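Each chain is listed here by its residues.
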4 protein chains.
Amino acid sequence: MLNIGIMGASGYAGEDLVRILLDHPKVQIKAVAAKIDNININKLYPWLNGRLDLECRDMGADEVAEKCDVVFLALPHKVSMQLVPAFLKKKKKVIDLSADFRIKDVCVYEKWYEVKHECPEYIDKAVYGLPEFYREKIKKAELIANPGCYPTSIILGCAPLLKEKAVDAGSIVCDSKSGASGAGRVPGQAPMFIELQKQNSFRPYKVNAHRHMPEIDQEVSFINGSRVEVNFVPHVVPMERGMLSTIYLKLKKQIDDRKAHKLYKDFYKNEYFIRVLEEGVYPDTKNVVRTNFCDIGLKIFPERSLAIVMTAIDNLVKGASGQAVQNMNIMYGFEEKMGL
Amino acid sequence: MLNIGIMGASGYAGEDLVRILLDHPKVQIKAVAAKIDNININKLYPWLNGRLDLECRDMGADEVAEKCDVVFLALPHKVSMQLVPAFLKKKKKVIDLSADFRIKDVCVYEKWYEVKHECPEYIDKAVYGLPEFYREKIKKAELIANPGCYPTSIILGCAPLLKEKAVDAGSIVCDSKSGASGAGRVPGQAPMFIELQKQNSFRPYKVNAHRHMPEIDQEVSFINGSRVEVNFVPHVVPMERGMLSTIYLKLKKQIDDRKAHKLYKDFYKNEYFIRVLEEGVYPDTKNVVRTNFCDIGLKIFPERSLAIVMTAIDNLVKGASGQAVQNMNIMYGFEEKMGL
Amino acid sequence: MLNIGIMGASGYAGEDLVRILLDHPKVQIKAVAAKIDNININKLYPWLNGRLDLECRDMGADEVAEKCDVVFLALPHKVSMQLVPAFLKKKKKVIDLSADFRIKDVCVYEKWYEVKHECPEYIDKAVYGLPEFYREKIKKAELIANPGCYPTSIILGCAPLLKEKAVDAGSIVCDSKSGASGAGRVPGQAPMFIELQKQNSFRPYKVNAHRHMPEIDQEVSFINGSRVEVNFVPHVVPMERGMLSTIYLKLKKQIDDRKAHKLYKDFYKNEYFIRVLEEGVYPDTKNVVRTNFCDIGLKIFPERSLAIVMTAIDNLVKGASGQAVQNMNIMYGFEEKMGL
Amino acid sequence: MLNIGIMGASGYAGEDLVRILLDHPKVQIKAVAAKIDNININKLYPWLNGRLDLECRDMGADEVAEKCDVVFLALPHKVSMQLVPAFLKKKKKVIDLSADFRIKDVCVYEKWYEVKHECPEYIDKAVYGLPEFYREKIKKAELIANPGCYPTSIILGCAPLLKEKAVDAGSIVCDSKSGASGAGRVPGQAPMFIELQKQNSFRPYKVNAHRHMPEIDQEVSFINGSRVEVNFVPHVVPMERGMLSTIYLKLKKQIDDRKAHKLYKDFYKNEYFIRVLEEGVYPDTKNVVRTNFCDIGLKIFPERSLAIVMTAIDNLVKGASGQAVQNMNIMYGFEEKMGL
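Residues numbered from 1 in each chain as written. Chains lettered and ligands numbered in written order. Predicted model: local features only at pLDDT ≥ 70, side-chain atom pairs only at ≥ 80, totals over all residues. Heavy atoms only, no water.

## Brief notes about the overall build of chain A
- Each helix and strand in chain A was counted, giving ten helices and 16 strands.
- Its C-alpha atoms give chain A a radius of gyration of 20 Å, near enough to 20 Å, the size a compact globule of 340 residues would have.
- Taken along its principal axes, the extent of the C-alpha atoms in chain A is 60 × 45 × 40 Å.
- Burial status across chain A gives 66% buried among its 340 residues.
- Within chain A, contacts between residues at least 6 apart in sequence are counted, and of these 69% link residues at least 24 apart. (Helix = DSSP H or I, 4+ residues; strand = E, 2+ residues; numbered from the N terminus. Rg over C-alpha atoms; globule rule 2.2 N^0.38 Å. Buried < 20%, exposed > 50% of the residue type's maximum accessible area, 1.4 Å probe, protein only. Contact = heavy atoms within 4.5 Å.)

This is the structure in structure tokens:
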């Protein structure tokens, strides 16, 4: 049994990590830490009553490291970077759900996140944890930079057409919609308020200004082979979970619906968690919530030289905790879908 | 007091017409018709208990015409066109919420709606009921083709930039999101199920294939002065009411945020129901639900030659019944916002 | 025009007071106060954009009194009692939505609310603002103690049977369910989070221990003519608005459904806002949300000597702000339903 | 591997059976039947895409029996009784989620369900599938009458006090609240509408007239040792899943909170799925949704001789499909919580 530590257990992603890892047959949760007063995790999350009996409290890296083989950091950016070196020095593997090690160019990171990076020498050690693209590196990684939810939904949707060199890369428009849990738990709020939802409130925010943009640009550029800058508008949907991205791509190659579907199906043919939908079928977040799947639908308009790609994920699962567990499975040679 | 008839009272738009007109100081609802068995309207909608006492049943145009000065048709397309001539011949004014008289080119109508138009000679008599653009014509109209909800949200968002000749009109992408009531009441379902909502289900549909497209193209082309074909993906949001459109426009003129905001504020300066938001503020459907307002936010990216315009309306109010009442107010010389 | 002040404008009830009074034809909102940094009320509530232009900030009683004829206090208990004397001394009328002047026995108040009452001499001046029972006193009142939401829904449901001396008063069970807005706005939370909702979370709280209990007992005892202690379990429903109370009453008199319905219809025959439903019809919160109505359904089981009475109100309207405006209408001789 | 058939796969309980059994390590779903046109189950439920590949269509008992060792009937009452004999004759075990075999007195069944029972001789063979009370019989059963959701939530809540002979059994009031899925899938509705929810609509229905009443009375009477008739008002909550019952019991024995909690904890000490909460803690449906747990909270008012017991379950899991799988686990000697 692999011993697991979770830091940041009081947030949404931390809670979902507990939910998923609790039923994973090869691991045991040994430590749950959070910046809160001592409380049993099953008091913090009463659904754990009778299922997990662990004290949750503020712990340092040393204490967590002693109990665990691998640690998940479900922490805000900046906090993660202060802990990672200590774990790696003790030969513990780290799966970091924050943004601290995702951006390869430290200047870009520092500009967008408005903090000084405290251990830039670790950035290169980090593997971007998108298994569909970096599986071989993940197998040997000590430090995973687990992708953001929006980037996951957008990169998976764009990649096959980009690889095919079919896209006018300067034209990409990503219109993304996220369930309210994407905003994170409101600090200072009682734990019982964990599943908040705003009624009849649908709104855009951070128009072309969201911190996930440099991450999207970096990975889309890698895939494209040259620099890409996407346009990106995130929106909040009055539902708990789920994320849908509608991506508009100008085509520079002749391609029709049949060819495009074949392209996508071939591209992802070995990927259990990617489901390319039939022609005329579009994704719906309700088919992926509480799962690690990414559903992809697409429609080509040859006369307009336009491709519209739509992807659906659960922002907390494939967009965070599920993907983190998928990475752990790869790192330890477990079946990739184990526990998911 | 103006005597009002409502046909199609059993649908969402019909119900909202009753809600709005009930408190309008200058009108009296005299007939409510629907293709259902006789029932008092206050049994069909128990919230009307003690407030409106009228039998709701299947009625012909003649019967409704006898009781009313003006009739609102909240009916499916094809049904409206079978009733309009009878009302107009009797000198009754008609505000038609269906699509039957919105499209000026009867061939386009017949292609998209897959029916033969039964009275194409009336199309030219119809005025497209978007007061911000056709107020003078509405004043004298006998027949109003009340706009669709998606077209309302998109035309109002695009117009100032289009009029300014600032847009590369071939590039327009409209990503629209509508509350579940936009889908209409499910036929055969009990009236008590009127406020349905799907949880955690967010999905696109009719990708570049929605029947509102020719209507959008027609009006956007009028404003632009030459033919425009927009790209349009509608989505369903798991909330009852509200519609948000995010519109991406490629700019062919130098323009910055300040100039663009001034342009929008000037363009709509006499329009009570259009609220252009400050720089950095974006619309939220919760600020417009149950009102006739359209909130518009925008953000310009000069270095990308891109404008992103976001509009929020209540799909059932400014997108249907409220706009219909606004049209009635204009037709009869009432204060334009009376009862709204 | 009557000049209105609202203190506590940043809470749910305060917001609903603004919403209702804004369209009232006989009043003008002149001051809105809240314990927050200066902000225009239309920035705090963007739905007010273009409709109300007033600075909202922390104000003292003197400043508010200068601008207003009548002031609504939508404040927490204890805060209200510190302001009421100042207003009354300046001959301003006060409608207090807090609990500070509802309980006639100051010892009971101090025990349940765990504070010392600072001006017990004003308690007797206060009229309990339930118009269906205290209309004549309200007409002449200087200070209204506006009822709590749970008490309103329960007292209105019990009264006719109690007056008829048909109830074993020791047996009353009140099982009440309230929309999430009943919990009040979470302090310190951004105003944009105002319409929160918890999904799939339905729970009881303060079982036979809610502060509305002494208020219910007091009024039910007045009606009954002798001391009554009800049993009362409140629950939170994952919806924004609405309150349903299911009341179980042991009967000590023979009575059947027909007689009971006649009793209720007669009892409330002059009350516009009370709608006694037909036999076999039960209330639904969706028929009363955003209205000042109280719908009452009942069912008698003679063989079990049991009456089950069900009432539905909007907790923020008939349960708070709407009833407050109804009281104002009565105090100033306006039509009782004006603006409601 | 045990081969499983599910009849009635197109309803909510059927869908939840598929969801649970899909991940059960000891079984394989071999047949899914429903009264619908042939369709792959992963088209009917797109979340099954890539996970289960079976044709779903109208099948007779013979065809299903050939493929399966055990069959789950998630069918309406009356339909189940027409199929059960065929399965039992072929030595297949049946877990029936309908009401057809729950009521031991066939006259009571026929009166409440308004149909003639077609195979009353099988009623005695059926074991009422509430493991906490009938575990030994379930082990040897050929036919399980899986309990209704309301009865499950009420019986589990009442039992310890009843067994203790502490309750005035004539006084029991059960005020129950169920998520909208309890109403079953609306016939004729598209499968995409499967997760409907009504906003701001909370209402009682079938006041003391619900078909679960004779089932509750039967089991509560067994436990009590003499005839009990409870009072029961069900309500619909605008949420997808979850059921909360608030039960009011008049006490005829002296008992306090501490003793009562000890009584409940002892009573259920070997029951993994029953969680008796600490004093002062009350159940919340959000802690049990998507689980097979029943959370029980209680509060005693000795001076009022009153106990208030509150239970929370997921109406589709412990109230239907989860309990059915728990029964299967017991019948086949699997670990009782396997797959749950």
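## A look at the relation of the copies chain A and chain B
- Here chain A sits on chain B after a turn of 180 degrees about the axis and a move of 0.0 Å along it, with an RMSD of 0.0 Å. The symmetry that links the two subunits is that of a two-fold axis. (Least-squares fit on C-alpha atoms with pLDDT ≥ 70 in both.)

## Quick word on the packing of helix α1 (residues 12–22) of chain C against helix α10 (residues 317–331) of chain C
Residues and elements named next belong to chain C.
- For the pair α1 and α10, the least separation of the axes is 9 Å and the interaxial angle reads 45 degrees. Here α1 is positioned oblique relative to α10, judged by the angle of their axes. Here α1 runs over α10; the crossing is right-handed. Together, A13, D16, L17, R19, I20 and L21 of α1 and V317, A320, S321, G322, A324, V325 and M328 of α10 make up the contact between the two elements. (Axes fitted to C-alpha atoms, helices over the stretch in contact; angles between N-to-C directions. Parallel < 35°, antiparallel > 145°, perpendicular 65-115°, else oblique. Left-handed = near helix turned anticlockwise from the far one by under 90°.)

## Considerations on helix α9 (residues 257–267) of chain A
Residues and elements named next belong to chain A.
- By the burial criterion, the buried members of α9 are D257, A260, H261, L263 and Y264. Along the axis of α9, the buried positions cluster into a sector of 155 degrees, meaning they face one direction only. Counted as exposed and oriented over 90 degrees from the buried face of α9: R258, K259 and K262.
- Packing partners of the buried residues in α9 comprise α7 (149–163), β14 (274–276), β15 (294–301) and β16 (306–313). (Arc of directions from axis to C-beta.)

## So, the interface of chain A and chain B
- Every contact between the two is made by 41 residues of chain A and, on the other side, 41 residues of chain B.
- Interface of chain A and chain B: buried area, both sides summed, is about 3,100 Å²; carbon and sulfur atoms make up 59% of it.
- Three residues, N200, F202 and R304 of chain A, lead the burial of chain A against chain B; their summed loss comes to 22% of the area buried on that side.
- The salt bridge involving R203 of chain B is made with D284 of chain A; its shortest N-O contact spans 3.7 Å. (Buried area = accessible area lost by both parts, 1.4 Å probe. Salt bridge = Lys/Arg side-chain N within 4 Å of Asp/Glu carboxyl O.)

## A closer look at the sheet that holds strand β3 (residues 39–40) of chain A
Residues and elements named next belong to chain A.
- Taking strand neighbours across the sheet as the criterion, the eight strands line up as β3-β4-β2-β1-β5-β6-β8-β7 in an open arrangement whose pairing is mixed. If you trace the sheet from one side to the other, it starts and ends with β3 and β7 (126–128), each paired once.
- As paired strands, β3 and strand β4 (residues 55–57) are joined by two bridges and run antiparallel to one another. Within β4, the position partnered with N40 by the bridge is E55.
- Helix-sheet contacts for helix α10 (residues 317–331) involve β1 (2–7), β2 (27–33), β5 (70–73), β6 (93–96) and β8 (143–145), and the interaxial angle to β6 is about 155 degrees. (Pairing = 2+ DSSP bridges.)

## Things to note about the sheet that holds strand β11 (residues 203–204) of chain D
Residues and elements named next belong to chain D.
- Judged by pairing direction, the sheet is mixed, and its seven strands sit side by side in the order β11-β12-β9-β13-β16-β15-β14 without closing on themselves. Single-partner strands in this sheet number two, and they are β11 and β14 (274–276).
- Pairing of β11 with strand β12 (residues 231–237) involves two bridges; the strand directions are antiparallel. In the sheet register, P204 faces β12, and the bridge partner there is H235.

## Brief notes about the domain arrangement of chain A
Residues and elements named next belong to chain A.
- For chain A, the assigned domains read domain 1 (2–147 + 319–331) and domain 2 (150–315).
- Between the C-alpha centres of domain 1 and domain 2 there is a distance of 24 Å.
- Taken together, the contacts link 29 residues of domain 1 with 35 residues of domain 2.
- At the boundary of domain 1 with domain 2, total buried surface from both sides reaches about 2,600 Å², with 52% on carbon and sulfur atoms.
- Of all residues in domain 1, the largest losses of buried area upon contact with domain 2 belong to Y12, W112 and F133, amounting jointly to 29% of the total for that side.
- Counting across the domain 1 and domain 2 interface gives four salt bridges. (Domains from an automatic or database assignment.)

## Notes on the pattern of salt bridges
- Evaluation of the coordinates by the stated rule reveals 112 salt bridges over all chains.
- Residue R19 of chain A is joined to D16 of chain A by a salt bridge in which the shortest nitrogen-to-oxygen separation is 3.0 Å. Linking R19 of chain A with D16 of chain A, this pair stays in helix α1 (residues 12–22), spanning three residues, or about one helical turn.
- With a closest N to O distance of 3.6 Å, D62 of chain B and K90 of chain B form a salt bridge. Placement of the pair is D62 of chain B in helix α3 (residues 61–67) and K90 of chain B in the loop between α4 (79–89) and β6 (93–96), with a sequence separation of 28 residues.
- Look at K90 of chain B and you get partly exposed, because its relative accessible area is 40%.
- Here the salt bridges share partners, and the residues they tie into one network are D16, R19, E240, R241, R290 and D314 of chain A.

## Details of the environment of S153 of chain C
Residue and element names in this part refer to chain C.
- Note that S153 resides in helix α7 (residues 149–163).
- As a C-alpha pair, S153 and S245 span 92 residues in sequence and 6.4 Å in three-dimensional space.
- Other than its neighbours up to four places away in sequence, S153 contacts M243, S245, I247, T311 and I313.
- Within polar-contact distance, the side chain of S153 engages the backbone oxygen of Y150 at 3.0 Å. (Polar contact = N/O pair within 3.5 Å; in protein donor to acceptor, adjacent residues only side chain to side chain.)

## Considering the pairing of strand β13 (residues 243–250) of chain A
Residues and elements named next belong to chain A.
- When you tally the buried positions in β13, you get seven out of eight residues, the bulk of the element.
- Inspection of the sheet shows β13 paired to β16 by eight bridges, in the antiparallel sense. The residue of β16 that forms the bridge with M243 is I313.

## Observations regarding a positive patch on the surface
- A cluster of basic side chains, namely K163, K165, K252, K253 and K259 of chain A, defines a positive patch on the protein surface.
- The topology assignment puts K253 of chain A in the loop between β13 and α9. (Patch = residues over 30% accessible without salt bridge, like charges linked within 9 Å, V, L, I, M, F, W, Y side chains within 5 Å. Areas by Shrake-Rupley, 256 points an atom, 1.4 Å probe, with all protein chains shown as cover. Lys, Arg positive; Asp, Glu negative; His and termini not counted. Charge placed at Lys NZ, Arg CZ, Asp CG, Glu CD.)

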